[in-house]
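# Residue-level structure breakdown
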Amino acid sequence: MTKQPQELALLAESGRLLASVFELLDRTTLAGMSTLQVDEMVEHFIVNNLHARPASKGQYGYGFVLNSSVNDVVCHGVPSSSAVLRDGDIVNFDITLEKNGYIADSSKTYLVGEVNPAARRLVQITYEAMWMGIRAVRPGARLGDIGWAIERHAKRNGYSVVREYCGHGIGREMHEEPQILHFGKPGTGLVLREGMVFTIEPMLNRGRRSVRTEADGWTVVTTDGSLSAQFEHTIAVTASGASVLTLRPDESGPGPIKRAA
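Below, the structure is looked at part by part. (Residues numbered from 1 in each chain as written. Predicted model: local features only at pLDDT ≥ 70, side-chain atom pairs only at ≥ 80, totals over all residues. Heavy atoms only, no water.)

## Remarks on the overall build of the protein
Keep this limit in mind: Secondary structure elements follow DSSP: runs of H or I of four or more residues count as helices, runs of E of two or more count as strands, with numbering from the N terminus. To get the radius of gyration, use the C-alpha atoms; to get the globule rule, take the number of residues to the power 0.38 and multiply by 2.2 Å. Residue burial is assigned from relative accessible area. The probe radius is 1.4 Å, only protein chains are included, and a residue is buried under 20% of its type maximum, exposed over 50%, and partly exposed in between. Here, residues are in contact when the closest pair of their heavy atoms is within 4.5 Å. With residues, only the protein chains shown are counted as cover, and all accessible areas are computed by Shrake-Rupley using a 1.4 Å probe. Here the positive residues are Lys and Arg and the negative ones are Asp and Glu; neither His nor the chain ends is included. The atom standing in for a charge is NZ when the residue is Lys, CZ when it is Arg, CG when it is Asp and CD when it is Glu.
What the protein contains, in helices and strands, is four helices and 15 strands. Against the 2.2 N^0.38 benchmark of 18 Å for 261 residues, the protein shows a C-alpha radius of gyration of 17 Å, consistent with a compact globule. The C-alpha extent of the protein, read off along each of the three principal axes, is 45 × 45 × 35 Å. Within the protein, the proportion of its 261 residues that are buried is 55%. Expressed as a percentage of contacts within the protein between residues at least 6 apart in sequence, the contacts between residues at least 24 apart total 72%. Summed over all atoms, the accessible surface of the protein reaches about 10700 Å², with 50% contributed by carbon and sulfur. Distance from the positive charge centre (27 side chains) to the negative charge centre (29 side chains) of the protein: 6 Å.

## A few points about the nonpolar core
Soluble globular proteins: nonpolar side chains tend toward being buried together. For clarity, the threshold we go by: As used in this record, nonpolar core signifies buried Ala, Val, Leu, Ile, Met, Phe, Trp, Tyr and Cys residues forming a set joined through side-chain atoms within 4.5 Å.
Counting residues in each nonpolar core, the largest one holds 34 residues, and the members touching the most others are I90, V137, I146, L192, F198, I200 and L204. Top element by residues in this core is helix 3 (residues 117–135). It accounts for nine residues. One finds L50, V91, I95 and L97 within the second-largest nonpolar core, a separate group that totals 25 residues.

## Examining the pattern of salt bridges
Convention followed: A side-chain nitrogen of Lys or Arg and a carboxyl oxygen of Asp or Glu constitute a salt bridge if their distance falls within 4 Å.
Applying the stated criterion across every chain yields a total of eight salt bridges. Between K57 and E43 there is a salt bridge, and its shortest N-O distance comes to 2.8 Å. Separated by 14 residues along the polypeptide, K57 in the loop between helix 2 (35–49) and strand 1 (66–70) and E43 in helix 2 bring together distant segments of the chain. Of the residues examined, E43 reaches a relative accessible area of 23% and is grouped as partly exposed. Of the charged contacts in the structure, one is a salt bridge between E251 and R248, with a shortest N-O distance of 3.1 Å. According to the relative accessible area criterion, E251 is buried, its value standing at 9%. In this structure, a network of salt bridges that share partners links the residues E151, K155 and R163.

## Describing the packing of aromatic side chains
How we decide: When two rings of Phe, Tyr or Trp (its six-membered ring) have centres within 6.5 Å they constitute a pair, described as stacked for plane angles under 30 degrees, edge-to-face for angles over 60, and tilted for the intermediate range. Whether a charge lies above a ring is judged from NZ of Lys or CZ of Arg, which has to be within 6 Å of the ring centre and within 35 degrees of the ring normal.
Applying the stated criterion to the full structure yields five aromatic pairs. Note on F93 and Y110: the rings are 6.0 Å apart at their centroids and 55° apart in plane angle, and the pair reads as tilted. With F93 in strand 3 (residues 90–99) and Y110 in strand 4 (residues 102–112), this residue pair connects regions lying 17 residues apart in the sequence. Judged on exposure class, the residue F93 and its partner Y110 are both buried. Here Y127 and F231 contribute two aromatic rings whose centre-to-centre distance is 5.0 Å and whose plane-to-plane angle is 65°, an arrangement assigned as edge-to-face. In this pair, Y127 is assigned in helix 3 and F231 in the loop between strand 12 (228–230) and strand 13 (233–238), connecting sequence segments 104 residues apart. Residues Y127 and F231 agree in their burial class; the two are buried. Through a chain of ring-to-ring contacts, three or more aromatic side chains come together here, namely Y62, F64 and W218. Sitting over the ring of F183, R163 keeps its end group 4.0 Å from the ring centre. The ring of F22 carries R248 above its face, with NZ or CZ at 5.5 Å from the centroid.

Here it is as structure tokens:
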């Protein structure tokens, strides 16, 4: 679970490239695009501009570059030509990228056009919850500290945390140990060590935390039809705390969520 300095450098490069994919999405007018068009645009950019590999395509038999999870879709939404993004939607794009044998993983929930205040607040609090988890990362801390920080922030703001899906170690493989739960008790779980690399990717629901998988075997939705949001970064444990390998240039922690026109 502990990466060597040369591995961390390669992971940081993959993370930097993946951050540039989200910069592309930040510049894109999403309203009126299908999620399949977004998938094709991202694939072209990763392959032709970044000379990297979309790590999700072909993983576990999945046929696309990204997950596109709209409104009540919690995760693993499948891109489709018929899923056209509309004014007022929220959509999470979850993207992985491999360069020189090392994988980075990140996701961001976008506000499409004019989004109602309740949806905007859910997205903002989810973003903040991810950062609460990141700020709990340091050598000697425990995995339960991360989950507790996330869950506490979610519950204080009236949201539930999805428990069926978690963050994960990452490196040469997309899913490595340890598992990073987004709920827990402080002072419990594995002790963090310098050199560990993993994702933190909480999913928060406006309603109940229960979810179900649709007939396609991929798409996970809230059972009560409530909105769901997610954010994700790839994190390295450093001597002084955490390094966010997928950090975008416009980020420094919790702040306003940018709207995608």
